[in-house]
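Structural characterization, general
Chain residues, written in single-letter form:
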Amino acid sequence: MSEAPTVARLAAAKWFRSSYSAVNNECVEMAYIEPLIGIRDSKDPARGVLTIESNAFSLFLSSIK
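No experiment lies behind these values; they were computed from the predicted model shown. (Residues numbered from 1 in each chain as written. Predicted model: local features only at pLDDT ≥ 70, side-chain atom pairs only at ≥ 80, totals over all residues. Heavy atoms only, no water.)

As for the pairing of strand S3 (residues 36-41)
The element S3 is extensively covered by neighbouring structure, given that five of its six residues are classed as buried. Here strand S2 (residues 28-33) pairs with S3 via six bridges, running antiparallel. By the bridge assignment, Tyr32 is partnered in S3 with Ile37. Counting the residues in the hairpin turn of S2 and S3 gives two residues. (Buried < 20%, exposed > 50% of the residue type's maximum accessible area, 1.4 Å probe, protein only. Helix = DSSP H or I, 4+ residues; strand = E, 2+ residues; numbered from the N terminus. Pairing = 2+ DSSP bridges.)

Structure follows, in structure tokens:
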């Protein structure tokens, strides 16, 4: 299991969101924070970040396709 990223690494991460969120601006943002994926609320990014290991996130995406 990976350690949680530092505040500095979270701040330096390049956050992006789905192009589908452009309509209502209600979406999550994601960032690759090696070896984790960070996920946060685009409307309230200061509220916190959920992190998940990259391989587990890939399995999640595969299961919902």
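Let us keep going from here.
So, the side chain of Glu29
Relative to the helices and strands, Glu29 is located in strand S2. There is a polar contact of 2.9 Å between the side chain of Glu29 and the side chain of Arg17. Contacts of Glu29, omitting those with residues within four sequence positions, involve Trp15, Phe16, Arg17, Gly38, Ile39, Arg40, Asp41, Ser42 and Pro45. (Polar contact = N/O pair within 3.5 Å; in protein donor to acceptor, adjacent residues only side chain to side chain. Contact = heavy atoms within 4.5 Å.)

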